[in-house]
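# Analysis of the macromolecular model
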Amino acid sequence: TDDDTFSDVFCENSKKLINVHLFALAAKYYSLSNLGVCTPLEDVLEALRGDNQGKTGMKTDEFMNNKKSHEVQVMSELVDTIANYCGVKQVIDIGSGKGYLSSFLSMQYNLKVYGIDSSNTNTNGAHERNRKLKKHWRAYQSRARANVQSQRLEKANDGPGQSEIKCKAIDEKPLNKNSSLQCQEQVTIQDLVPSCNFTEIATAETSKQTEVDLVTRTQSDEGKLSEEVLAVLNALPADAVELFSSSQCNDGELCKEEKAQRKMASLKAKASKSSESNLYFPLTSCITAETELSDIITDLEDSMMVGLHTCGDLATNTLRIFTAKPEIKAVCSVGCCYHLLSEQFENQDCPEEVWGFPMCQYLKDKGWCCGRNARMSACLALERVAIGQMLPTESLFYRAVLQVIIEEIYGVTKSDRHVGKTFSKSSSFIDYVRKSLKKLELDDSKLPDSCIMDYYEKYKHRMIELEAFNMLKVVLAPCIEVLILLDRLCYLKEQDNIAWSGLVKLFDPVKSPRCYAVIALKKQSYF
């Protein structure tokens, strides 16, 4: 676009906004979705997988809310793909919180996951949730197998005419080639089938061929379960073995073979149960850019780092650790809470040496600063507002009037304390103000109810102005997020040991507004 395209958005003299429509177009033009700097998720998965297909696994919606289910399902598939590409089995989940992603990665994809969170409460909660998740996970598998068994019984009750038609459709080509059943993967898996001639089976009773067909269906259906969750699922289901054996062996042989198969499955189940319980390790530690992972993880090996909605500086520290530690071969980080980022050029009197923003040398040389208000705006969800999920105007109005009261009555312009989610716990504006003052440790006894309501009445006609102002902030939000995310990407581009880095839109922004992942892989020479 030409430099003058958006020159009429603001008045040249007063600098006031004079063209709202052009302002919205400019904001859209500079949003991440329009700049063409993102790599499509499908392209990343295809490039990393090659000819290998993704695994079809367990749905998460039985264990998590819709938002978390969506995030974990999408991100875990990508993480597993990256881990396979890099040849690592260990994953370090930074800011793991309640352990949803960590648990799913360990059970669904058989990855060894260390979930690190600064809150001991979260870590303990993650332990308990993981235990419950395992129990529900196994129950889900049992129900799935019960459904397969039910479908198999229904299939067995089909008329012989229908079975003969299906048998002919399956058998026609193999029969012409006089192939053996062992060579036909479309009928069953090699390991299951004893050596026998396909012609003999084709001329057997229709019910026997129906059972063979059902074994195929059973294996196909059960393949849809998450076979990577537990090692026991790598063993063939006992009911499938029993079904096929009954069509090939006499009663005496069936008994021996069935016992052997079940004994083997039982041993593998016990072994897998023991190893599976050690696939996810919730740990408590505060992560900084200088953190030595080997001090936290005693058996640290080649691994990748992930972070699902890591707050503030934790997202940038994740990237710094990735670039500095040779053991970390890849990173996939989705940040959030931009308002909690530390800024180098906002607090120059602060002695910190490592800052959340800016990261890249280009913005450092420019002395770039966003400021807290801009970072707060970056946290807003334009896509949600666009579909009618409006901003909480009343709570924002309460907060704005409260600030006027605090400044005029108490003379306070800055405080380290926070009001938090007081609005949702308040029955009225008066109740809100008094609860907020207590949180801020200000004496509310000198403030009568009438005075509080006077402030409310004085400003209530301006609530519509506040709503319009916040809508403009929402429109601008993607542009500020672009600056923060491109800063992180540029930081990675500046590193010598990175083979590839990019921004990838992982989530539906309506379900999960912070939907962009920063992904990077080390060069092969650093593997």
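That block above? That's the structure.
Below is a summary of the structure that appears in this document. Given the structure is predicted, the values throughout are model-derived calculations rather than measurements.

## So, the packing of helix 1 (residues 20–29) against helix 20 (residues 463–493)
Packing of helix 1 against helix 20 leaves a shortest axis separation of 8 Å and a crossing angle of 25°. Classified by the interaxial angle, the pair formed by helix 1 and helix 20 is roughly parallel. For the crossing formed where helix 1 meets helix 20, the hand is left-handed. Together, Val20, Phe23, Ala24 and Ala27 of helix 1 and Leu472, Val475, Leu476 and Cys479 of helix 20 make up the contact between the two elements. Here the residues of the contact of helix 1 with helix 20 are counted per class, giving eight nonpolar, no polar and no charged.

## Some details on the sheet that holds strand 2 (residues 112–117)
Strand order in this open sheet of seven strands is 3-2-1-4-5-7-6, and the pairing throughout is mixed. Unpaired on one side and paired on the other, strand 3 (280–284) and strand 6 (498–505) mark the two borders of the sheet. Put simply, the sheet's adjacent strands are angled 15° from each other on average, direction ignored. Its contacts with the sheet place helix 4 (residues 66–86) against strand 1 (90–94), strand 4 (303–311), strand 5 (328–336) and strand 7 (516–522), and it is angled at close to 160° to strand 4. Contacting strand 1, strand 2, strand 3 and strand 4, helix 5 (residues 100–109) runs over the sheet at an angle of about 170° to strand 2.

## Some words on the pattern of salt bridges
Oppositely charged side chains can form a pair if their charged atoms are brought close together. Summed over all chains, the structure comprises 16 salt bridges. Here Arg375 ties to Glu343 by a salt bridge, and the two come within 2.6 Å at their closest N and O atoms. Highlighted residues: Arg375 in helix 15 (residues 372–378) and Glu343 in the loop between strand 5 and helix 14 (361–366), separated in sequence by 32 residues. When sorted by exposure, Arg375 lands in the same class as Glu343, which is buried. A salt bridge links Glu457 to Lys460, with the nearest nitrogen and oxygen atoms 2.9 Å apart. Overall, the relative accessible area of 40% leaves Glu457 in the partly exposed class. Taking relative accessible area as the criterion, Lys460 reaches 41% and is therefore assigned partly exposed. If you follow the salt bridges from partner to partner, you end up with Arg434, Lys438, Asp444 and Asp449 in one network.

Reading the values: the criteria
- Residues numbered from 1 in each chain as written.
- Predicted model: local features only at pLDDT ≥ 70, side-chain atom pairs only at ≥ 80, totals over all residues.
- Heavy atoms only, no water.
- Axes fitted to C-alpha atoms, helices over the stretch in contact; angles between N-to-C directions.
- Helix = DSSP H or I, 4+ residues; strand = E, 2+ residues; numbered from the N terminus.
- Parallel < 35°, antiparallel > 145°, perpendicular 65-115°, else oblique.
- Left-handed = near helix turned anticlockwise from the far one by under 90°.
- Contact = heavy atoms within 4.5 Å.
- Nonpolar A, V, L, I, M, F, W, Y, C, P; charged D, E, K, R; others polar.
- Pairing = 2+ DSSP bridges.
- Salt bridge = Lys/Arg side-chain N within 4 Å of Asp/Glu carboxyl O.
- Buried < 20%, exposed > 50% of the residue type's maximum accessible area, 1.4 Å probe, protein only.

Any functional reading would require information beyond the geometric quantities listed.
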